[in-house]
Amino acid sequence: MSDNGIRVRFAPSPTGYLHIGGARTALFNWLFARRHGGRLVLRIEDTDRNRHIGDSLEKIFADLRWLGLEWDEGPEHGGEFGPYAQSERLKMYQQHLDALLESGSAYYALESPEQLAAMREQAKTEKGEFKYQRPDPLPTPEQGRQAREAGEHVTVRFKMPDRDIVVRDAVLGEVCIPRAELEDFVIQKSDGWPTYHFACVVDDELMGITHVLRGQEHLMNTPKHVAIQESLGFRTPVYAHLSIIFNPDGSKMSKRDKEKAAKKGIAPPEIDVHDFRRNGYLPEALSNFISLLGWSPGEDREQMTLEETTALFSLDRVNPSNAKFDRDKLVAFNTDWAARLSPDRLLAALKDFATVANSPLTADDDQTLAYLLRICKGFRTFRDIETKTNFLFIKDEAIEFDPKAVKKALAKNDGAGFGMLERVLGALQSAEDWTATAMEGLVTRFCESEDVKLGAIAQPLRVAVTGTMVSPPIYDTLALLGRDRTINRIKRTLTMRESLTTQ
RNA sequence: GGCCCCAUCGUCUAGAGGCCUAGGACACCGGCUUUUCAUGCCGGCAACGCGGGUUCGAGUCCCGCUGGGGUCACCA
């Protein structure tokens, strides 16, 4: 794989965490670059200072890396096409803007935001559609500069050529946008900063970007970009507009869903990559899953490492229709990955989870974590492990009993379960060893002497020490808890028999 | 609403005119395994939106309709 001149970019705005849709775009760019021996540039689109959120960049970088998507050029990597934040490239934009102004391809526009809003409002009440009409005569450059000096709202608009624009797209084919739909748009805001359209086009050219893979929501921006490229004499990169990812109900996966859920007091849906990370998903599973949204290698292949995906990736297998994000399927992927990954890799991932999720699981206790991983085999996400082993991290007195569990395992049949506990207590107190193996021996012997099945004692024990019917295998559960806490909890359960039975 | 994009099981998709009585995966349903939960294993249900063409032959090509989506900012 040699450098063949292919250059792609991922260009996030520092407005918060990395959105799952953005991650898919980043992934496709990364895959494309890797597949063809090209380079992935990370560029920061920060031309809107109002929307800038403090530590977004650190978060975005971290989550990209968590997914395994390292970039070749950009922040923290450097490169010969920098700087890689648009806020540091103002001079370059100005230079090209001047060229446009000079050649007459752009002009100063004097309408204030209020005036424009009023015009739109009026258009709405009348015919409907508002299209910016090029002033005639055009304000002269001199007028523009003077008005700007006087502190008025002055923008620079690009003169849209008087013809239809054809966009050639690698996944959509040729898309023709009629002239009537196009208008002279702002390329420089009144604060002197470039708009997205202008900065993006200048940067793509200056950074040698050959292929632009981005969301389909950008499709209607593309004629603008193509027009600027033509009038500046830039090459037009190959565009590939990716389909959009929705919630299963067809709504957008927006950060607002999280706020809404929070208000309702229900679990917030995962929207940002960080949400998935914090909820115990593996990056291997997430990247695998989103790679299959809008792309497929064919031949019924699904479970793939990033390396395997890279080898198979191609733009002509990218599929133009929108996709819905099915969390159930993601969970299934995660389950499979969890079962396949090496213990070492799993341990590292679990530690990341423990840290990021603020979990009771102690991120620095490798030995315990590795043990938990072993006894929780079959888990779907790390959250499952957390839930299942939560009994370990709370005080004996804090154990809360699930009424259903109590009824089923303890109270049923005149408190048969309580009886079991009373009888097994002595054996436990006098146990010589307190390992899982020892527990197994002890419980097996107890079953034989009582002539009961394992479940008859395992379930009461489980409920007594965890309060629930869900825990790791009972021997490991007891071993992990230790003698004192186990006995303590059984005694406490026995003491509470009355209140538990009547509740 | 104008313009643009899209259209195979509930969902993600395979299918590039005959290999399709449409395949896989998830979900769902049923069964088995199991000390709980989960995992695992086996089986089942389930789709070419509609109407016209083209063709000996259409899920595959064309047109229309319908439906879904995107976009119409001094946001990106």
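In this convention, every chain numbers its residues from 1, walking through the sequence in written order. Written order determines the labels here, with chains lettered from A and ligands numbered from 1. pLDDT decides what is reported in this predicted model: residues at 70 or higher carry local features, side-chain atom pairs at 80 or more are listed and counted, and totals for whole chains, interfaces and linings draw on all residues regardless. The basis for the side-chain values is all heavy atoms of the structure; hydrogens and waters are excluded.

Chemist: Whenever I open this one, the protein's contact with RNA strand B confuses me. Can you help?
Modeler: In the region of RNA strand B, 68 residues are neighbours, and Gly378, Arg380, Lys388, Arg462 and Met469 sit closest. In this text, near means that some heavy atom of the residue lies within 4 Å of the molecule or strand in question. Considering RNA strand B, the proportion of its atoms within 4 Å of the protein that are sugar or phosphate atoms stands at 70%. Here a polar contact is recorded for every N or O atom pair within 3.5 Å, except that within protein the pair must consist of a potential hydrogen donor and a potential acceptor, and residues adjacent in sequence are included only if both atoms are side-chain atoms. Contact between RNA strand B and Thr47: a phosphate oxygen at 2.7 Å from a side-chain N or O atom of the residue. Lys324 is positioned with one of its backbone polar atoms (N or O) 3.0 Å from a phosphate oxygen of RNA strand B. Of all the elements in the fold, those that place two or more residues in the surface near RNA strand B are helix H4 (113–125), strand S4 (155–158), strand S6 (173–177), helix H6 (196–206), strand S11 (323–324), helix H12 (327–340), helix H18 (454–466) and helix H19 (474–481). Strands here mean DSSP runs of E at least two residues long; helices mean DSSP runs of H or I at least four residues long; both are numbered from the N terminus. Ranked by the residues each element gives to the surface near RNA strand B, the list is headed by H12, at five residues. Throughout, the ten residues Ala, Val, Leu, Ile, Met, Phe, Trp, Tyr, Cys and Pro are labelled nonpolar, Asp, Glu, Lys and Arg are labelled charged, and all others, Gly among them, are labelled polar. Residue composition of the surface near RNA strand B, grouped by class: 25 nonpolar, 20 polar and 23 charged.

Chemist: How should I be thinking about the side chain of Thr195 in this particular structure?
Modeler: Structurally, Thr195 is set in the loop between strand S7 (186–188) and H6. Any pair of residues with heavy atoms lying within 4.5 Å of one another is described as a contacting pair. Residues contacting Thr195, with those up to four places away along its chain left out, are Val186, Ile187, Gln188 and Lys189.

Chemist: Any chance you could explain the layout of surface pockets here in plain terms?
Modeler: Gaps left between atoms are located by rolling a probe of water-molecule size over the structure's atoms. In this analysis, the protein atoms alone were mapped onto a 1 Å grid. Cavities are point sets where a 1.4 Å probe fits without being able to get out; pockets are open sets with protein on both sides within 12 Å along at least five of seven lines; lining residues have an atom within 4 Å of a point. Grid points are joined across faces, edges and corners, and a volume is the space filled by probe spheres set on the points. There is about 1,400 Å³ of room inside the largest pocket. Lining the largest pocket are 44 residues, with His19, Gly22, Arg51, Glu217 and His218 positioned closest to its centre. When residues of the lining of the largest pocket are traced back to their parent elements, those giving at least two are strand S1 (7–10), helix H1 (20–36), strand S8 (211–215) and strand S10 (245–246). Considering every element that reaches the lining of the largest pocket, the biggest residue donor is H1, with four residues. In the lining of the largest pocket, the residues fall into 16 nonpolar, 16 polar and 12 charged. Space inside the second largest pocket adds up to approximately 390 Å³.

Chemist: What is the right way to look at the nonpolar core in this model?
Modeler: Across soluble globular proteins, nonpolar side chains show a tendency to be buried alongside one another. Within the largest apolar cluster, 110 residues are counted, with the highest numbers of intra-cluster contacts made by Leu286, Phe325 and Leu461. With 10 residues, helix H16 (residues 403–429) is the single largest residue contributor to this core. Think of a nonpolar core as a cluster: buried Ala, Val, Leu, Ile, Met, Phe, Trp, Tyr and Cys residues, connected wherever their side-chain atoms sit within 4.5 Å. Each residue gets one of three labels from its accessible area relative to the maximum for its type: buried under 20%, exposed over 50%, partly exposed in between, using a 1.4 Å probe on protein chains only.

Chemist: Which parts of the structure should I look at to understand helix H10 (residues 283–291)?
Modeler: Owing to its 3.6 residues per turn, the α-helix aligns residues three or four sequence positions apart on the same side. Among the nine residues that make up H10, nine are buried, leaving the element largely enclosed by the rest of the structure. Among the residues of H10, Pro283, Glu284, Ala285, Leu286, Ser287, Asn288, Phe289, Ile290 and Ser291 are the ones counted as buried. Where H10 is buried, its residues contact H1, helix H2 (56–67), helix H9 (273–278), helix H11 (306–312), H12 and helix H13 (343–356).

Chemist: Is there a simple way to explain unusual backbone geometry in this structure?
Modeler: For the bond running from Gly82 to Pro83, omega is -5 degrees, close enough to zero to count as cis. Topologically, Pro83 is positioned in the loop between H2 and helix H3 (90–103). In this chain, Asp136 is followed by Pro137 through a cis amide linkage whose omega measures 5 degrees. Examined against the element boundaries, Pro137 turns out to sit in the loop between H4 and helix H5 (141–149). Positive phi outside glycine occurs at Asn358, with the angle close to 55 degrees.

Chemist: Could you clarify how one ought to interpret the packing of aromatic side chains in this entry?
Modeler: Two aromatic rings, taken as a pair, are described by how far apart their centres are and by the angle between their planes. Only Phe, Tyr and Trp rings take part, Trp by its six-membered ring, and two of them pair if their centres are within 6.5 Å. Stacked means planes under 30 degrees apart, edge-to-face means over 60, and tilted covers everything else. Scanning all chains against the criterion turns up 10 aromatic pairs. Centre to centre, the rings of Phe276 and Phe325 are 5.5 Å apart; their planes meet at 45 degrees, and the pair counts as tilted. Remark: Phe325 occurs in the loop between S11 and H12 and Phe276 occurs in helix H9; sequence separation between them is 49 residues. Classification of Phe276 as buried rests on a relative accessible area of 0%. Accessibility expressed as a relative area gives 0% for Phe325, which makes it buried. Where Phe353 meets Phe382, the ring centres are 5.7 Å apart and the plane angle is 40 degrees; that geometry is what we call tilted. Of this pair, Phe353 sits in helix H13 while Phe382 sits in helix H15 (residues 382–388), and the two are 29 residues apart along the sequence. Here Phe353 and Phe382 have matching classes, each one buried. In textbook terms, an aromatic cluster arises when at least three aromatic residues are bridged by ring pairs, as seen for Phe276, Tyr281, Phe289, Phe325 and Phe333. The rule for a charge over a ring is simple: NZ of Lys or CZ of Arg within 6 Å of the ring centre, and within 35 degrees of the ring normal. For the cation-ring pair, Arg7 lies above Phe81, with the distance from its terminal atom to the ring centre recorded as 4.1 Å.

Such coordinate-based values are descriptive only and should not be taken to indicate function.
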